[in-house]
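Spelled out, the chains give:
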Amino acid sequence: MNAAPKAVYRWSGIVFLYIYFFSPLTVDIIPLINFNFLLSPMKTSILLMCCLVVSTITFAQFGSQQIISNNGGECKFCGGDIDGDGDIDIVVTVIPNGVEWFKNTDGLGNFILGQNVSTDHDVIRAAFLSDIDGDNDLDVFVASQNDGKIVWYENTDGLGTFGPQQLIGNISIGVQSIHGTDFDGDTDIDLVMVNTSANIVAWYENTNGQGTFSEAQLISNTLDGPIAVYAADLDGDLDQDVLVATFTGNSIVWFENTNGQ
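Since the model is a prediction, treat every value here as computed from it, not as a measurement.

> Looking at this model, I keep getting lost on the layout of surface pockets. Mind explaining?
If you roll a probe as big as a water molecule over the atoms, it shows you where there is empty space left. For the largest pocket, the calculated volume is near 230 Å³. Contributing to the lining of the largest pocket are 15 residues, with F183, W203, I219, E256 and N257 lying nearest its centre. Among the secondary structure elements, those contributing two or more residues to the lining of the largest pocket are strand 12 (217–220) and strand 14 (241–246). Looking at the lining of the largest pocket, the element that brings in the most residues is strand 12, giving three residues.

Structure, rendered in structure tokens:
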């Protein structure tokens, strides 16, 4: 069912309820509706209940699964318009060492393999799409656990041709999750990561807006097994804070970005 009928059904029910209960025109309008079932108070109540139910139904329905890949080993994925054609493609990490992307060929969810981005990793744990070098296309961050590497790959032509691996950092074995956003307010994409083995939460500054990154800047090393990280403005002060979930610590915590820099 498309969006227009949904809206009609929802709002017709809401408008009727408003008129019936709250509008001063109720006395004038209701007698003009020549439906016999409105003459019975019980039937009127049933009608009002039906209108309320119809007005809140979302009509969301999902079809059967549609396979993108069944090669095996796919672990993590993220979506974005990699080739600049206005639809959503996906990047997939493949255990133990691969990164590949799938092209949405028609904008309707029919996918083909676009490119094997890299096989130079040891147990990939995370990927994140963002414009890392400021050239208005989507590049990809990748982190792998057993070699501790955090790297990025440039989308060299805006069409999904990815360049060689560019190292951001390599603290120690155990990187599990990454997230890219602008932490220091200079409009380029920085990176935050968590390392479960070393209990580290740290971020890397994109120093020139073109993908040259600073050394790791420590946020915390006291959490017990940080395993997932996300960034958002949690306190409404227009900068990006850091949200972390821990595995062995069984906690969710956040760290305030105190100066936006």
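> Whenever I open this one, the pattern of salt bridges confuses me. Can you help?
Proximity of charged atoms lets side chains of opposite charge pair with each other. Tallied over the full model, the rule gives three salt bridges. Measuring nitrogen to oxygen at the nearest pair gives 3.4 Å for the salt bridge that ties K103 to D85. Placement of the pair is K103 in strand 3 (residues 98–104) and D85 in the loop between strand 1 (74–80) and strand 2 (89–94), with a sequence separation of 18 residues. Among the salt bridges present, the one from K149 reaches D120, with a minimum N-O distance of 3.5 Å. Of this pair, K149 sits in the loop between strand 6 (139–144) and strand 7 (150–155) while D120 sits in the loop between strand 4 (111–118) and strand 5 (124–130); the two residues are 29 residues apart in sequence, bridging distant segments of the chain. Looking at D120, the relative accessible area reads 46%, which means it is partly exposed. Bridged by salt links that share partners, the residues D83, D85 and K103 form one connected network.

> It is not clear to me how the sheet that holds strand 10 (residues 190–195) should be interpreted in this structure. Could you clarify?
Neighbouring strands of a sheet are bound in pairs by backbone hydrogen bonds; such pairs are parallel or else antiparallel. A sheet is described by the order of its strands in space; here four strands give the open sequence 9-10-11-12, paired in antiparallel fashion. Among the strands making up the open sheet, the edge pair consists of strand 9 (175–181) and strand 12. The mean inter-strand angle of the sheet, taken between neighbouring strand axes irrespective of direction, is 25°. Pairing of strand 9 with strand 10, which is carried by six bridges, proceeds in the antiparallel orientation. Paired with S177 across the two strands is V194, which belongs to strand 10.

> Can you walk me through the sheet that holds strand 6 in this structure?
Reading across from one edge, 5-6-7-8 is the order of the four strands in this open sheet, with antiparallel pairing throughout. Only two strands of the sheet have a single partner each, and these edge strands are strand 5 and strand 8 (162–169). Within this sheet the neighbouring strands show an average axis-to-axis angle of 25°, counted without direction. Relative to strand 6, strand 5 runs antiparallel, the two sharing six bridges. Along strand 6, the bridge assignment pairs A127 with V142.

Each value, and the rule that gives it
Residues numbered from 1 in each chain as written. Predicted model: local features only at pLDDT ≥ 70, side-chain atom pairs only at ≥ 80, totals over all residues. Heavy atoms only, no water. 1 Å grid on protein atoms, 1.4 Å probe; cavity = no way out; pocket = protein on both sides within 12 Å on 5 of 7 lines; lining within 4 Å. Points joined across faces, edges and corners; volume = space filled by probe spheres on them. Helix = DSSP H or I, 4+ residues; strand = E, 2+ residues; numbered from the N terminus. Salt bridge = Lys/Arg side-chain N within 4 Å of Asp/Glu carboxyl O. Buried < 20%, exposed > 50% of the residue type's maximum accessible area, 1.4 Å probe, protein only. Pairing = 2+ DSSP bridges. Axes fitted to C-alpha atoms, helices over the stretch in contact; angles between N-to-C directions.

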